[in-house]
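Next come the chains, spelled out residue by residue.
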Amino acid sequence: MEDTMEDTSSDQRLMSPPPKRRNGGLITMPFVIANEAFEKVASYGLVPNMILYLMKDYHFGVAKGTNIIFFWTAATNFMPILGAFLADSYLGRFLTIGLGSICSFLGMTLLWLTAMLPRVKPSPCIPLAPNCESPTAAQMTLLVSSFALISIGAGGVRPCSLAFGADQLDRRDNPKNERVLESFFGWYYASAAVSVLIALTGIVYIQDHLGWRTGFGVPAMLMLLSTFLFFLAFSLNRKLPLPSPDARGCYHHEKGSLLVVPTDKLRWLNKACIIRNPELDLAMDGSALDPWSLCTIEQVEEFKALLKVMPLWSTGIMMSINISQNSFPLLQASSMDRHITSSFQIPAGSYGMFTIITLAAWVVLYDRVIIPLASKIKGKQVRLGVKLRMGIGLFVSCMGMVVSGLVENIRRRKAIQEGYLNNGQGVVKMSAMWLVPQHCLNGLAEAFNAIAQTEFYYSEFPKSMSSIAAALFGLGMAVANLLASVIVSAVDHATSKGGKESWVASNINKGRYDNYYWLLAIMSAINLLYFLVCSWAYGPCIDRRTSSVRDEGNGIKEEEEELSYLGNSRVGDEGNGLKEEESLPKSRELAA
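Position numbers for residues start from 1 in each chain and track the written sequence from start to end. It should be noted that, the model being predicted, local features are given only for residues of pLDDT at least 70 and side-chain atom pairs only at 80 or more, the latter also being counted only at that level, while totals for whole chains, interfaces and linings use all residues. Each side-chain value is worked out from all heavy atoms of the structure, with water and hydrogens disregarded.

1. Some points on the overall build of the protein
- Under the DSSP-based scheme used, a helix requires at least four consecutive residues in state H or I and a strand at least two consecutive residues in state E, with every element numbered from the N terminus. If you tally the helices and strands in the protein, you get 17 helices and 4 strands.
- Note on classification: 1.4 Å probe, protein chains only; a residue is buried when its accessible area is under 20% of the maximum for its type, exposed when over 50%, partly exposed between these limits. Within the protein, the fraction of its 592 residues that count as buried is 53%.
- Any two residues whose heavy atoms approach within 4.5 Å are treated as being in contact. Taking as baseline every contact in the protein between residues at least 6 positions apart, the subset at least 24 positions apart corresponds to 78%.
- Of the accessible surface of the protein, which amounts to about 27,200 Å², a share of 65% is contributed by carbon and sulfur atoms. To be clear on the numbers: accessible area is Shrake-Rupley with a 1.4 Å probe, and residue cover counts the displayed protein chains and nothing else.

What follows is the structure, encoded as structure tokens:
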């Protein structure tokens, strides 16, 4: 009798609609956004002038210092993938953000100590002089440890903040859900751009005029404030529901549950969730005895989604290589006239602000002017498709490298004409505002491609992979930083053979930075063709507008979903990039 009652109760739990999931609410958003904003101001403010710090205080050459920065930024962009995994599977987003904030603060404090304590870095000398001491193993360990902690901290903060914000607005039963998410991602990047803009102007200005001690101390204090504000909101965040690590369904099902089957795409992966012998594969509660041998359908479908987007994801790496070129533009700006007035000049490390200004301006223009105007003319809601925007970004990035090469070619010729061939520190009579167009093109490329990438992953992935979707672009940046280091090293090695001057020589006037930029432009053009092939092979994006009933607490999910391709569910297609929103498709019940 007890067994019967227990089975009946179990059936009722499976068949009755679970309570609707509650979101944290908008009240938590200011704290989360402020936390990431301060983290970006602090961390991004350290990058622009770092090559100068490594060259002057640690006595590195341009190539070695640039490679160290590439490795650091690669780690910073890779760690969000690990942070996303830990947040979605084990720790939850609140704890992950909190631990990340603490690590960032500790890392910035260590970096500040390298500027405060003379003994933790080599003795002062004239840069590149023969008698300059190299840093000891202990000194390098302290420097690298500070970089590592900052990267770990970014891995905890950056993926979780974006995913949390998107979850507050994501309503997949809403016909206008895609437009809402598109607008959110755009404005989120715009707000992040403002933080980076402050870093590239305010923090860089402090470093240039007040020195490294204050320049590194201010970011550390900002990160302390960021950590304090986030934990101050503990009472608001602690009650948020955490993503369930359990599968919501599986190939095998209990009586009364909904029958869910894997999709036909990549069917060979479906073998991973097939029950071969129930007695040997399943425990008494229906779970897998060996999770390494028997997966759930959700795990298989998540892996399929990740595997399917990888070719398109890889196309963004080349653009990330282009926009990660920070050291060379800094050296270019240092050798050019940066005066706005007779008494004020823009810091060399602040010219990256034009990239951020362009990104933010385009987001506002696109969201508030272009789309509303196009919708008014057409009479229906329209938007540029995510793949079209990704492709436009890659094209603009290629043009940015072409312009970079042209400007550097002109600057170098003028430097030689003015007698600065052997003086890389000489300032040529050429305005540094010539560098603005290439920065603007990089900002426009990132506005198109980076935002579209994140929106693409978030829309194509299951809900349980929200943090992974938010961190995937950062993973591309990490790979790009590593590849950029490989490219710089390969170019330096190949072009310096036979006693020739390297293209990336420390003396910018003897080097051929213009040839280096044009090499990146050629690689970008090849990558654009690769993107067209991958985009065609991927096919139309999936319309994931769904109506679902969830219970995140016990991992049970009853979901009614109809996946329809844009070619059928929308008027218009991905080819011309314009999609018109239609009404929510009717759901179909899947009977057990």
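Now that the structure is up, let's keep going.
2. A few points about the pattern of salt bridges
- Put simply, a salt bridge is a Lys or Arg side-chain nitrogen that is within 4 Å of an Asp or Glu carboxyl oxygen. Inspection of the entire model under this criterion finds 5 salt bridges.
- Here Lys 121 makes a salt bridge to Asp 57, at a shortest N to O gap of 2.6 Å. Highlighted residues: Lys 121 in the loop between helix H5 (93-116) and helix H6 (137-169) and Asp 57 in helix H3 (residues 50-57), separated in sequence by 64 residues. Across the pair, exposure class does not vary: Lys 121 and Asp 57 are buried alike.
- The closest approach of N and O atoms between Glu 455 and Arg 389, which form a salt bridge, is 3.0 Å. Of this pair, Glu 455 sits in helix H14 (residues 436-460) while Arg 389 sits in helix H13 (residues 386-417), and the two are 66 residues apart along the sequence.
- Given the relative accessible area of 4%, Arg 389 is considered buried.

3. Side note on the nonpolar core
- Buried Ala, Val, Leu, Ile, Met, Phe, Trp, Tyr and Cys residues form a nonpolar core when they are joined through side-chain atoms within 4.5 Å. Within the largest apolar cluster, 110 residues are counted, with the highest numbers of intra-cluster contacts made by Met 50, Phe 461 and Tyr 516.
- Excluding anything up to four places from it in sequence, Met 50 contacts Ile 69, Trp 72, Leu 111, Phe 147 and Phe 216.
- Core analysis: the second largest hydrophobic core is formed by 6 residues, Ala 87, Phe 94, Ile 97 and Val 157 among them.

4. So, the packing of aromatic side chains
- Each aromatic pair joins two rings of Phe, Tyr and Trp (for Trp, the six-membered one) with centres within 6.5 Å, and gets the label stacked for planes under 30 degrees apart, edge-to-face for over 60, and tilted for any other angle. Per the counting criterion, the structure on display carries 14 aromatic pairs.
- The interplanar angle of 20° and the centroid separation of 4.3 Å between the aromatic rings of Trp 72 and Phe 147 together place this pair among those described as stacked. Here the residue Trp 72 occupies a position in helix H4 (residues 62-91), and Phe 147 occupies one in helix H6, the gap between them amounting to 75 residues.
- On the accessibility criterion, Trp 72 (5% relative accessible area) is buried.
- Taken together, Tyr 53, Tyr 58, Phe 60, Trp 212 and Phe 216 form an aromatic cluster joined through their ring pairs.
- Sitting over the ring of Tyr 538, Lys 308 keeps its end group 4.5 Å from the ring centre. Counted as over-ring charges are cases with an Arg CZ or a Lys NZ within 6 Å of the ring centre that also lie within 35 degrees of the ring normal.

5. A look at the confidence of the model for the protein
- Counting all residues, the mean pLDDT for the protein is 75, and 69% of those residues have values of 70 or more.
- Confidence over residues 1-26 falls short of pLDDT 50; this stretch has 30 contacts with residues more than four positions distant or in other chains.
- pLDDT: the predictor's confidence for each residue, scored from 0 to 100. This model gives residues 543-592 a pLDDT under 50, and the stretch forms 126 contacts once residues within four places in sequence are excluded.

6. Quick notes on helix H16 (residues 513-538)
- In this analysis, the expected span of each helix is defined as 1.5 Å times one less than the number of residues it contains. Under the 1.5 Å per step criterion, the end-to-end length of H16 is 37 Å for 26 residues, consistent within 8% with the ideal 38 Å.
- Directly beyond the C-terminal end of H16, a positive phi value near 85° is found at Gly 539.

7. A short note on the side chain of Ser 397
- Checked against the element boundaries, Ser 397 lands in helix H13.
- According to the relative accessible area criterion, Ser 397 is buried, its value standing at 1%.
- In this structure Ser 397 touches Met 319, Asn 322 and Ala 445, once residues within four positions along its chain are discounted.

8. A look at unusual backbone geometry
- Positive phi values are uncommon outside glycine, yet His 59 reaches one of about 65°.
- Its place among the elements puts His 59 in the loop between H3 and H4.

9. What to know about a nonpolar patch on the surface
- Like charges within 9 Å and nonpolar side chains (Val, Leu, Ile, Met, Phe, Trp, Tyr) within 5 Å are joined into patches, using only residues over 30% in relative accessible area that form no salt bridge. Nonpolar side chains collect at one region of the surface, where Leu 82, Phe 85, Tyr 90, Leu 91, Leu 95, Leu 99, Ile 102, Leu 106 and Phe 231 lie side by side and expose about 810 Å² of accessible area between them.
- Mapped onto the nonpolar patch, the elements with two or more residues apiece are H4 and H5.

10. Some thoughts on the environment of Gly 393
- Position of Gly 393 among the secondary structure elements: in helix H13.
- It is 4.6 Å that separates the C-alpha atoms of Gly 393 and Asn 449, two residues lying 56 residues apart in sequence.
- Excluding its chain neighbours within four sequence positions, the residues that come into contact with Gly 393 are Ala 445, Phe 448 and Asn 449.

11. Examining the packing of H13 against H14
- Between H13 and H14, whose axes approach to 7 Å, the crossing angle comes to 160°. Viewed along their axes, H13 and H14 adopt a mutual orientation that is roughly antiparallel. In this structure, the crossing between H13 and H14 has a hand that is left-handed.
- For this classification, the nonpolar set comprises Ala, Val, Leu, Ile, Met, Phe, Trp, Tyr, Cys and Pro, the charged set comprises Asp, Glu, Lys and Arg, and every other residue, Gly included, is treated as polar. The residue makeup of the contact of H13 with H14, split by class, is 16 nonpolar, 8 polar and 2 charged. Orientation is described by axes fitted as lines to C-alpha atoms, over the contacting stretch for helices, and by angles from 0 to 180 degrees between their N-to-C directions. Roughly parallel covers angles under 35 degrees, roughly antiparallel covers those over 145, roughly perpendicular covers 65 to 115, and oblique covers all other angles. Note on convention: near helix rotated counterclockwise from far helix by under a right angle means a left-handed crossing. Clockwise means right-handed.

12. Re the environment of Ala 193
- Checked against the element boundaries, Ala 193 lands in helix H7 (residues 177-232).
- Taking the C-alpha atoms as reference points, Ala 193 and Gly 443, 250 residues apart in sequence, are found 10.0 Å from one another.
- In this structure Ala 193 touches Ile 356, Leu 359 and Ala 360, once residues within four positions along its chain are discounted.

13. Observations regarding helix H12 (residues 353-378)
- The terminal C-alpha atoms of H12 lie 36 Å apart, and with 26 residues this matches the ideal 38 Å at 1.5 Å per residue to within 8%.
- By the largest-angle criterion, Tyr 366 marks the main kink of H12, which is about 40°.
- With its phi angle positive at about 85°, Gly 379 sits one or two positions after the end of H12. Bending is quantified residue by residue as the angle between axes fitted to the seven-residue window ending at that residue and the seven-residue window starting at it.

14. Brief notes about the packing of H13 against H16
- Where H13 contacts H16, the axes come no closer than 8 Å and their chain directions differ by 170°. Between H13 and H16, the interaxial angle falls into the category roughly antiparallel.
- Residue composition of the contact of H13 with H16, grouped by class: 16 nonpolar, 7 polar and 3 charged.

15. Structural notes on the side chain of Ser 101
- Inspection of the secondary structure puts Ser 101 in helix H5.
- Those residues in contact with Ser 101 that lie beyond four places of it in its chain are Asn 35, Val 157, Met 223 and Thr 227.

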